Amino acid sequence: MARRPSPCNGRCCPRHVPLTRAKQSPEGQPMRVSRYFLPVLRENPAEAQIVSHRLMLRAGMIKQQSAGIYSWLPLGLRVLRRIEEIVHEEQQRAGHIPVLMPTIQSADLWRESGRYDDYGEEMLRITDRHKRDMLFGPTNEEMITDIFRAHVNSYKDLPLTLYQIQWKFRDEIRPRFGVMRGREFLMKDGYNFDLTKDDALHAYNRHLVTYLRTYERMGLQAIPMRADSGPIGGEDTHEFLVLADTGESEVFYDSELTQLTFGDREIDYDDPAACRAVLEEFTSRYARTDETHDPDEFARIPEARRRQARGIEVGQIFYFGTKYSEPMGATVVGPDGQRVPVHMGSHGIGVSRLLGAIIEASHDERGIIWPEGVTPFHVGLVNLKQGDSSTDSACDAIERELQARGMTVLYDDRDERAGAKFATMDLIGLPWRITVGPRGLAANKIELTSRRSGQTVEMAPQEAIAHLAELYEPVFARSFRG
RNA sequence: CGGAGCGUAGCGCAGCCUGGUAGCGCACCUGCUUCGGGAGCAGGGGGUCGGAGGUUCGAAUCCUCUCGCUCCGACCA
């Protein structure tokens, strides 16, 4: 994480030591509710119809600025960043390389691919002061192809997969459901460039594996389903659907699929057979959205395993061959000296939408329940008697020790009643809460409460800290932060 | 884009039909009491009634236009 440079570069004066001393990421800094910006709402905003939208507004995560356009408030931003982090890690683990392309693109690129006219009203078109046609990118196939053709000429530079996490704009006719169907949304979009169709299909399969890992780390079960290619075009495509009653897509699947998990198994991303095996494992059973549903084939599944449900689309992978490389001249010279268009695919994860999807999949009547992998803070700390010297100093010490073990803590140090603090913690959904009161503390006991189960266990502070450290160990182990 | 509806204090709403000093709850501020699941009492601050035009002695209220937002449908990460 970038460290803010002090004006003197930390060399001249001791006062700057505390700044440069921050070895941990900014997330590791003490965060106290009294000093934070957490504008929670007690009542449901009228405009929010579905639970994730309501909870995001109530928990002070987002503020709507316009139809389908949101500001991200601190708590929401933290989760968004966590999700981005996981996406980055899983992409890079597979050897995919991050780039960042602009949100505003020139119309000329899109004229080359023919999509400037094809894309329609959903593309936000802008004219600059010189009357040049520009657009706010709804996706980036053209631009990445332009980058590729400018710099890559030989098959020896392949395979190559570039990706970014960047804001997109699609001028939806009817934005709704908060961040689930916004007009401006954060998306990871990746593009693979390969010499042959086989190589490109390996990239496709490899992405499927990275996506399975990515969603699982976020506490989601996302089922790959055969899908329609839509305006991206292409021959092969799967969508990843999270099952939720509020999903926009109707889905049909074999219930055996929900038993599958990728887990922590090791995989060699450069091994086509290994990736192919995962694809087969996860896509051989029937799973379709309404777009591609085939009732006859569905009927062949034993009746007890047939499921019809609703799902939220959280990602999609495409293989589209030379659809863009050909018209745009993205070619490489092959081993035989011939110049050939590269085989491409693109792969998207709806990063901002995932917040909605996770909440839809994980909440109760009191609020959000964050999976450990994406929680904005690892632990919530509630001081039941603010101002009492014993509880205050116990909380300070617990906060410090949790942080020393790499956990982020949101310490509710407000001078509020217990009920208000509990209600806030439940609403914002931190998976674990430590409660410190004078009564328990007299016996060297604090409480550790699971947001998900609601179960509370009394124990010594040290015990709770060790327990939490152990609990988060696998979460940390999956990330690069080490 | 077709259909339905809503814009009144930061949030949730009443008032509009039948025109006459802009209200309630939460939140916020002060004080006292309270203190393990969104406390009580007392006091206080805050509103261009989305905007423009019109009717009228007088408009949050009636009329016209306009902007914004939400919901249902057809499209999509």
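Note that the coordinates shown come from a computational prediction; the quantities given were computed from them, not determined experimentally. All residue numbers refer to positions counted from 1 along the written sequence of the respective chain. Here chains are named by letter from A upward and ligands by number from 1 upward, in the order in which they appear as written. Only residues with pLDDT of 70 or above have their local features reported here, since the model is predicted, and side-chain atom pairs are shown and tallied only from 80 upward, although totals for entire chains, interfaces and linings are computed over all residues. The basis for the side-chain values is all heavy atoms of the structure; hydrogens and waters are excluded.

**Remarks on the protein's contact with RNA strand B**
As a reminder of what qualifies: Definition of nearness: a residue and a molecule or strand are near each other if at least one heavy atom of the residue lies within 4 Å of the molecule or strand. Whenever two N or O atoms come within 3.5 Å, that pair is a polar contact, provided that in protein one can donate a hydrogen and the other can accept it, and provided that, for residues adjacent in sequence, both atoms are side-chain atoms. Comment: elements are numbered from the N terminus, with helices defined as DSSP H or I runs of at least four residues and strands as E runs of at least two.
In the vicinity of RNA strand B lie 41 residues, with Arg 42, Arg 181, Glu 313, Asp 426 and Glu 447 positioned nearest. Per the 4 Å cut-off to the protein, sugar and phosphate atoms form 45% of the nearby atoms of RNA strand B. Take Ser 66: an N or O atom from its side chain is 3.1 Å from a phosphate oxygen of RNA strand B. Elements with a minimum of two residues in the surface near RNA strand B: strand S2 (62–66), strand S14 (306–321) and helix H13 (418–428). Element by element, the count of residues in the surface near RNA strand B is highest for H13, at seven residues.

**Some thoughts on the confidence of the model for chain A**
Rules: As a per-residue measure, pLDDT reflects the predictor's confidence and takes values from 0 up to 100.
Here chain A shows a mean pLDDT of 91. Residues at 70 or above account for 93%. In the model output, the complex is listed with pTM 0.93 alongside ipTM 0.93.

**Focus: the environment of Tyr 286**
The condition is simple: Burial status follows relative accessibility: with a 1.4 Å probe on protein chains alone, a residue under 20% of its type maximum counts as buried, one over 50% as exposed, and anything between as partly exposed.
On the secondary structure map, Tyr 286 appears in the loop between helix H8 (272–283) and strand S13 (287–289). Tyr 286 sits in the buried class, given a relative accessible area of 8%. In sequence terms Tyr 286 and Leu 468 are 182 residues apart; their C-alpha atoms lie 40 Å from each other. Side-chain polar atoms of Tyr 286 contact the backbone nitrogen of Asp 294, separated by 2.7 Å.

**Observations concerning the sheet that holds strand S6 (residues 124–127)**
Stated formally: A pair of strands counts as paired when DSSP detects no fewer than two bridges linking them. Interaxial angle, 0 to 180 degrees, is taken between N-to-C directions of lines fitted to C-alpha atoms, where a helix line uses only the stretch in contact.
Read across the sheet, three strands follow the order S5-S7-S6 without closing on themselves; strand pairing throughout is antiparallel. Of all the strands in the sheet, just strand S5 (104–106) and S6 have a single pairing partner and so form its edges. For this sheet, the mean angle separating the axes of adjacent strands, direction not counted, is 40 degrees. The sheet contact formed by S6 and strand S7 (residues 133–136) spans four bridges and is antiparallel. From the neighbouring strand, Thr 127 faces S7, where its bridge partner is Asp 133.

**Some remarks on the sheet that holds strand S1 (residues 31–32)**
In plain terms, the rule: Two residues qualify as a contact provided that any one of their heavy atoms is within 4.5 Å of a heavy atom in the partner residue.
The sheet built from six strands is open, its strands ordered S1-S21-S20-S22-S23-S24 with mixed pairing. Two strands in the sheet have a free side with no partner beyond their single neighbour: S1 and strand S24 (456–459). Pairing of strand S20 (residues 379–383) with strand S22 (residues 432–436) involves five bridges; the strand directions are parallel. Counted as the bridge partner of Val 382 is Thr 435 from S22. Helix-sheet contacts for H13 involve S20, strand S21 (409–412) and S22, and the interaxial angle to S20 is about 170 degrees.

**Observations regarding the side chain of His 343**
Structurally, the position occupied by His 343 is in strand S17 (residues 343–350). Within the structure, His 343 has its side chain in polar contact with the side chain of Tyr 319 (distance 2.8 Å). Residues within four places of His 343 in sequence aside, it is in contact with Asn 192, Phe 193, Asp 194, Leu 195, Thr 196, Lys 197, Ala 200, Tyr 319, Gly 321 and Thr 322.

**Quick notes on the nonpolar core**
Using the following cut-off: Only buried Ala, Val, Leu, Ile, Met, Phe, Trp, Tyr and Cys residues count toward a nonpolar core, and they belong to the same one when joined by side-chain atoms within 4.5 Å.
Counting residues in hydrophobic clusters, the biggest one holds 75 residues, and the most contacted among them are Met 61, Ile 83, Tyr 215, Phe 240, Val 314 and Leu 410. If you tally residues by element for this core, the top one is helix H7 (residues 197–217), at seven residues. Excluding anything up to four places from it in sequence, Ile 83 contacts Met 218, Val 351, Leu 354, Leu 355, Ile 358 and Val 374. Counting residues in each nonpolar core, the second largest holds 25 residues, with Ala 107, Trp 110, Met 143 and Phe 320 among its members.

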